[in-house]
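Understanding the architecture of this molecule
Take a look at the letters that make up each chain.
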Amino acid sequence: MGSAGRGPIRTAIVGFGISGRVFHAPLIEADPSYSLDVIVTADPDRAAAAAARYPKARIVPTAEAMFALAADLDLVILGTPPATHFGIASTAIAHKLHVVVDKPFVTTSAHGQELVALASDAGVQLTVFQNRRWDADFLTLRKLLHEGALGEVRTFESRFEWWRPEGFGNWRDSATTAEGGGILHDLGAHLIDQAIQLFGPVARSYGETARQGLNPDAADTEAFVSLLHDSGVRSRLWMNGMAAQAGPRFHVLGSHAGYTKWGLDGQEPALDAGLPPSDPAYGVESQESWGLLGVDGATRAVPAEQGAYPQFYRLLAGALLHGGPVPVDPADAVDVLKVIEEVHALA
């Protein structure tokens, strides 16, 4: 790796839509362990925007053009539609490059298992960008659970809901389930992962999906998933891009208290607005957004932990430069895909 294994980690980002532009490029630029060397996009407007924002990066139109530069790279980040993930990731692994794959990891759990095996055989690191593990609300809830503030948790409700009847204006509006499309693949990959991280492996799953979008051939736009964990906790997860009124982000009930949180984490809009992750205000939630802990009639606002998406790349740098663990074990993403496949088989 660059500088005889000491960094910077020479990085290519494939795709400059929401994923590459809003999440990956700003986080890579802000971390001194990395250099942003290549951005792949075939869209002329996105290419111009990338060149203006990151003048030191080479802008190339295709993954093939990027792989021609593989000798000068260490890491490839995939921010492309999920149907492309397996092909590009497997090619990157064949070039002995480390890989970050945005969620959903790949279109099937079988492809996920194959990628994990390929990376292991090649001696490269593979991880999945489950950035929602570093949402402020998730970090806060995890802290409360660690402290035992709720007692024995019985039910966990989690929602990602918003009002966007016009759709996304990108591949998400037309992708089929086989192509990794649909809100269950997209947001379910986050919500299921969070539930498993909090309450452990899944013993049984059940789910429902619906198509309410403008494209009748596209995948689901609404989904509900119920998980019974080995721990005995029941998770109920809702995903809806056409919710005229959103429910609480978290509603957790335990033997001593409950915890209810409204509103989505603010890191994505902050990054989209250009707030650098190094800004002291980054990831800080206003007091008005704090969740409530307690029982009806006796609740208190719980100060939110600071959101920490940059931690993903800090941990990855530790793995690549010093041999630490990757921030997200790709086997976790395979487990999530298996749950999604079970739900799709029922729906």
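Note: the structure precedes this text.
This section reports on the structure supplied with the text. None of these values were measured; they are calculated from a predicted model. (Residues numbered from 1 in each chain as written. Predicted model: local features only at pLDDT ≥ 70, side-chain atom pairs only at ≥ 80, totals over all residues. Heavy atoms only, no water.)

Using the criterion set out here, one finds 11 aromatic pairs in the structure. Measuring from centroid to centroid gives 6.2 Å for phenylalanine 23 and phenylalanine 129, while their planes differ by 65°, and the two rings are edge-to-face. Taken together, the residues phenylalanine 23 in helix α2 (residues 18-30) and phenylalanine 129 in strand β6 (residues 126-129) connect sequence positions 106 residues apart. Here phenylalanine 23 and phenylalanine 129 have matching classes, each one buried. Ring centres 5.6 Å apart and planes at 40° place the aromatic pair phenylalanine 156 and phenylalanine 250 in the tilted group. (Phe/Tyr/Trp six-rings, centres within 6.5 Å; stacked < 30°, edge-to-face > 60°. Helix = DSSP H or I, 4+ residues; strand = E, 2+ residues; numbered from the N terminus. Buried < 20%, exposed > 50% of the residue type's maximum accessible area, 1.4 Å probe, protein only.)

What follows concerns the sheet that holds strand β5 (residues 98-102). Pairing between sheet strands relies on hydrogen bonds along the backbone, with the strands arranged either parallel or antiparallel. A sheet is described by the order of its strands in space; here 6 strands give the open sequence β3-β2-β1-β4-β5-β6, paired in parallel fashion. Each edge of the sheet is formed by a strand with only one pairing partner; in this case those strands are β3 (58-60) and β6. Averaged over all neighbouring strand pairs, the angle between strand axes comes to 25°, with direction disregarded. In terms of strand pairing, strand β1 (residues 9-14) meets strand β4 (residues 75-78) through 4 bridges, oriented parallel. From the neighbouring strand, valine 14 faces β4, where its bridge partner is leucine 78. (Pairing = 2+ DSSP bridges. Axes fitted to C-alpha atoms, helices over the stretch in contact; angles between N-to-C directions.)

In spatial order, the strands read β8-β9-β10-β7-β11-β12-β13-β14; together these 8 strands make up an open sheet with mixed pairing. At either margin of the open sheet sits one strand with a lone partner, and together these are β8 (202-210) and β14 (298-302). Within the sheet, the average angular offset between the axes of one strand and its neighbour, ignoring direction, is 15°. When strand β9 (residues 222-229) meets strand β10 (residues 234-240), the two strands line up antiparallel, connected through 7 bridges. Its bridge partner lying in β10, leucine 228 is registered against arginine 234.

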